[in-house]
Amino acid sequence: MDLRLDDGTTITRLRRPPQGMRHLVLFGVEESSRREVAVKIELLPGALEIERRALEWLDANGGPAPRLLAAGAVAGGSDADAGIEPGALCLVTERLVGEPPRSPAAWERLGR
């Protein structure tokens, strides 16, 4: 399954993460750079706009967040059978590999 944004960004080899999320979240490879990325697609119109602005601000100010690589509307020809609707806002970020917190100390680090 491939995903294409209206700016030409293409993500291939999409797969779902091991845990559930509020938005449709997939992992894949950005076609032109071949780097691993995380893709978040809004399921409710307008749901990701605040997150997009926050990620842009964090990136501009050196904040501790995955870097926003692309943001745009899902282009036609993407896989609607997978719940990907053309026109939905899509955020593409760096994929930072990690693991779920398993100890009290790991849970305490979240949000810092």
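Everything numeric here is computed off the predicted structure, so don't read it as measured data.

Caption draft 1: Structural view of the overall build of the chain. Scanning the chain for helices and strands turns up 2 helices and 6 strands. Going residue by residue from the N terminus, the α and β elements of the chain occur as β-β-β-β-α-β-β-α. Among the 112 residues that make up the chain, the fraction classed as buried is 35%. Summarising the internal contacts of the chain: among those between residues at least 6 apart in sequence, 46% fall at separations of at least 24. Approximately 7000 Å² of the chain is accessible, and the part contributed by carbon and sulfur atoms is 52%.

Caption draft 2: Geometry of the pairing of strand β6 (residues 89–94). With respect to burial, β6 is a largely interior element, 5 of its 6 residues being buried. As paired strands, strand β4 (residues 36–41) and β6 are joined by 5 bridges and run antiparallel to one another. Residue pairing across strands places V37 opposite E94, the latter belonging to β6. Here 5 bridges tie strand β5 (residues 68–73) to β6, and the two strands are oriented antiparallel to one another.

Caption draft 3: How the structure looks around the sheet that holds strand β1 (residues 3–4). Spatial strand order, β1-β2-β3-β4-β6-β5: 6 strands in an open sheet with antiparallel pairing. Edge positions in the sheet fall to β1 and β5, since each has one partner strand and no second. Lying over the sheet, helix α1 (residues 49–60) contacts β4, β5 and β6, oriented at roughly 30° with respect to β6.

Caption draft 4: Representation of the side chain of T93. In this structure, T93 sits in strand β6. In this view, T93 contacts V37, A38, L55, P66, R67, L68 and L69; residues no more than four positions away in its chain are not counted.

Caption draft 5: The pattern of salt bridges, seen in detail. Throughout the structure, instances matching the rule amount to 6 salt bridges. Connected through shared salt-bridge partners, E49, R52, R53 and E56 make up one network.

Caption draft 6: Representation of the environment of D7 within the structure. Among the secondary structure elements, D7 is positioned in the loop between β1 and β2 (10–15). Measuring from C-alpha to C-alpha, the distance between D7 and G72 comes to 6.9 Å, with 65 residues separating the pair along the chain. Separated by 2.8 Å, the side chains of D7 and T9 make a polar contact.

Caption draft 7: Representation of the confidence of the model for the chain. On average, residues of the chain carry a pLDDT of 82, and 84% of them reach 70 or more. Looking across the chain, the model is least confident in helix α2 (residues 104–109), with a mean pLDDT of 78, and most confident in β6, with 93.

Caption draft 8: Spotlight on the nonpolar core. L3, V39, I41, C90 and V92 are the most contacted members of the largest nonpolar core, which has 15 residues in total. Examining the composition of this core, we find that 3 residues originate from one element, β4, more than from any other. Grouped together as the second largest cluster of nonpolar side chains are 5 residues, L48, L68, L89 and L91 included.

Caption draft 9: The arrangement of the packing of aromatic side chains in detail. Across all of its chains, the model carries 0 aromatic pairs by this definition. A cation over an aromatic ring shows up here: R95 above the ring of F27, its NZ or CZ 3.6 Å from the ring centre.

Quick notes on the rules
Residues numbered from 1 in each chain as written. Predicted model: local features only at pLDDT ≥ 70, side-chain atom pairs only at ≥ 80, totals over all residues. Heavy atoms only, no water. Helix = DSSP H or I, 4+ residues; strand = E, 2+ residues; numbered from the N terminus. Buried < 20%, exposed > 50% of the residue type's maximum accessible area, 1.4 Å probe, protein only. Contact = heavy atoms within 4.5 Å. Areas by Shrake-Rupley, 256 points an atom, 1.4 Å probe, with all protein chains shown as cover. Pairing = 2+ DSSP bridges. Axes fitted to C-alpha atoms, helices over the stretch in contact; angles between N-to-C directions. Salt bridge = Lys/Arg side-chain N within 4 Å of Asp/Glu carboxyl O. Polar contact = N/O pair within 3.5 Å; in protein donor to acceptor, adjacent residues only side chain to side chain. pLDDT = per-residue confidence, 0-100. Core = buried A, V, L, I, M, F, W, Y, C linked by side-chain atoms within 4.5 Å. Phe/Tyr/Trp six-rings, centres within 6.5 Å; stacked < 30°, edge-to-face > 60°. Lys NZ or Arg CZ within 6 Å of the ring centre and 35° of its normal.

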